[in-house]
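Next come the chains, spelled out residue by residue.
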Amino acid sequence: MTVLAIESSCDETAAAVFGADGLLANEVASQLAAHAAFGGVVPELASRMHIEAVWYTVQAALRDAGLGLDAIDAVAVTHGPGLVGSLLVGLCAAKGLCWRAGKPLIGVNHLEGHIYSNFIEAPLPEFPLITLIVSGGHSDLMLMRGHGDYEVLGRARDDAAGEAFDKVARRMGLPYPGGPVLDKLAEQGDPKAFALPRARLDGELEFSFSGLKTALVRVVKQLGDQVEARLPDLCASFRAAVVDILVEKTLAAVKRHGVKQVAVCGGVAANAGLRRAMEEACARRGLTLSIPPLRYCTDNAAMIACAGYHRLLAGGRSTLTLDVASNLPLLDAEAWRREVATAW
């Protein structure tokens, strides 16, 4: 089976083709330069740029894969969570392709896509495993017992890790996108230069980074004109505080559920400090770590195609009445099975 996928949940227009032999094509049309002038993603602009890019991105993916639409078995598409206008462009394009070619539609949760970024290339994770999702608006710990079998262990109570990175970067005057810039500066600084708090929440598997963000803002105010000179140390100290909690909570989940496999995914999985700390922590404890190559950490359609492929194998189909949902939750195993519908 071969799946064509479209991803347009935020500011990247992406299309990919995935099949039994793995990833056949992966195209991304970035909007980064357009939004940089505004210091963040402008939803209306993102939607309009998706409209301009979606068809040539799909055509490029099919061309790279050497396939026509008739050779595709299904079309997968992100239908949430994300920006409503952006999601609608991708969903409408996917429905149009399905209607034209008589192919089944497969709706994919964007977070599930991030999870499947670890299943695109070998070696593949083995079940059961603990998955840490760290994207812009999400910091989630999941227990995954099999394909489509998820149990939510903990979520962010306030700011997610990615949000905290971006907000703090903006407060320090770093250019957009702030998270990657902060990460690069942190490589040059002393992570112990500033004593910043860690919210451990009495052993719970949930996250809270709003207090840490406030503490950093307070330090920035105290430094005044010295902020620029201390940027590497500020970034290193803040990154260390975020990474410490992400690693601690993940290891606590591993111990609680007795698993030997860990997977990390999402845009923050590209963070050099997190990748290094998680690799070292897992190596010390004899755990197997899966973490995607950098090209699959940020939004892309390869992960949506891979997730859609596994849904297709399980009999999953969506009807053409499928709608977008900006706050779409990741379903647990029982709900995932109930969602499986007959093809239109």
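Scroll up to find the structure.
Note that the coordinates shown come from a computational prediction; the quantities given were computed from them, not determined experimentally.

Either a parallel or an antiparallel arrangement is found when strands of a sheet pair, and the pairing is made through backbone hydrogen bonds. Spatially, the five strands line up as an open sheet ordered S8-S7-S6-S9-S10, and their pairing is mixed. Since the sheet does not close on itself, it has two edges, and those belong to strand S8 (149–154) and strand S10 (288–290), each with one partner. Put simply, the sheet's adjacent strands are angled 25 degrees from each other on average, direction ignored. Both strand S6 (residues 129–135) and strand S7 (residues 138–146) contribute to a ladder of seven bridges, which runs antiparallel. Residue pairing for S7: threonine 131 is matched across the bridge by methionine 142. Strands S6, S7, S8 and strand S9 (261–265) of the sheet are contacted by helix H8 (residues 227–257), whose axis makes an angle of about 155 degrees with S6.

Further remarks concern the nonpolar core. Core analysis: the largest hydrophobic core is formed by 54 residues, its most contacted members being Met172 and Phe238. Listed by contribution, the elements that provide at least two residues to this core are S6, S7, helix H5 (161–171), helix H6 (178–186), helix H7 (210–223), H8, S9 and helix H9 (272–284). Those residues in contact with phenylalanine 238, other than ones at most four positions away along the chain, are Ala164, Phe165, Val168, Leu182, Leu196, Leu212, Lys213 and Leu216. Within the second largest apolar cluster, 32 residues are counted, among which are Val108, Tyr116, Ile304 and Cys306.

Packing of H8 against H9 brings their axes to within 10 Å, and their N-to-C directions diverge by 35 degrees. For the pair H8 and H9, the sense of crossing is right-handed. Contacts between H8 and H9 involve Arg239, Val243, Leu246, Val247, Thr250 and Leu251 from the first element and Ala272, Gly273, Leu274, Arg276, Ala277, Met278 and Ala281 from the second.

Moving on, we come to the environment of glycine 154. Among the structural elements, glycine 154 can be located in strand S8. Spatially, the C-alpha atom of glycine 154 lies 5.7 Å from that of aspartate 140, the residues being 14 residues apart in sequence.

Let us now look at the packing of aromatic side chains. Tallied over the full model, the rule gives five aromatic pairs. Measuring from ring centre to ring centre gives 5.3 Å for phenylalanine 18 and tyrosine 309, while their planes differ by 65 degrees; the resulting arrangement is edge-to-face. Taken together, the positions of phenylalanine 18 in strand S2 (residues 12–19) and tyrosine 309 in helix H10 (residues 302–313) put the pair 291 residues apart, joining distant regions of the chain. Residue phenylalanine 18 is classed as buried on the basis of its relative accessible area of 5%. By relative accessible area, which is 11% here, tyrosine 309 ends up buried. Ring pairs connect the aromatic residues Tyr116, Phe119 and Phe127, which therefore count as one cluster.

Moving on, we get to the pattern of salt bridges. Overall, the coordinates contain 15 salt bridges when judged by the stated rule. The closest approach of N and O atoms between glutamate 44 and arginine 48, which form a salt bridge, is 2.8 Å. Residue glutamate 44 and its partner arginine 48 are both found in helix H2 (residues 43–65); the two are separated by four residues, about one turn of the helix. For arginine 48, a relative accessible area of 52% translates into the label exposed. The closest approach of N and O atoms between glutamate 204 and arginine 157, which form a salt bridge, is 2.4 Å. Of this pair, glutamate 204 sits in the loop between H6 and H7 while arginine 157 is found in the loop between S8 and H5, placing the two residues 47 residues apart along the sequence. Judged by its relative accessible area of 36%, glutamate 204 falls in the partly exposed class. Counted as one network, the salt bridges with shared partners bring together Asp183, Glu187, Arg239 and Arg276.

Its 18 residues give helix H3 (residues 84–101) an end-to-end C-alpha distance of 26 Å, which sits within 8% of 26 Å, the value for a rise of 1.5 Å per residue. Among the residues of H3, Ser86, Leu87, Val89, Gly90, Leu91, Ala93, Ala94, Leu97 and Cys98 are the ones counted as buried. At its buried positions, H3 is contacted by strand S1 (2–7), H2, strand S4 (74–80) and strand S5 (105–109). Looking one or two residues past H3, glycine 102 carries a phi angle of roughly 70 degrees, positive in sign.

Reading the values: the criteria
- Residues numbered from 1 in each chain as written.
- Predicted model: local features only at pLDDT ≥ 70, side-chain atom pairs only at ≥ 80, totals over all residues.
- Heavy atoms only, no water.
- Pairing = 2+ DSSP bridges.
- Helix = DSSP H or I, 4+ residues; strand = E, 2+ residues; numbered from the N terminus.
- Axes fitted to C-alpha atoms, helices over the stretch in contact; angles between N-to-C directions.
- Contact = heavy atoms within 4.5 Å.
- Core = buried A, V, L, I, M, F, W, Y, C linked by side-chain atoms within 4.5 Å.
- Buried < 20%, exposed > 50% of the residue type's maximum accessible area, 1.4 Å probe, protein only.
- Left-handed = near helix turned anticlockwise from the far one by under 90°.
- Phe/Tyr/Trp six-rings, centres within 6.5 Å; stacked < 30°, edge-to-face > 60°.
- Salt bridge = Lys/Arg side-chain N within 4 Å of Asp/Glu carboxyl O.
- Expected span 1.5 Å × (residues − 1).

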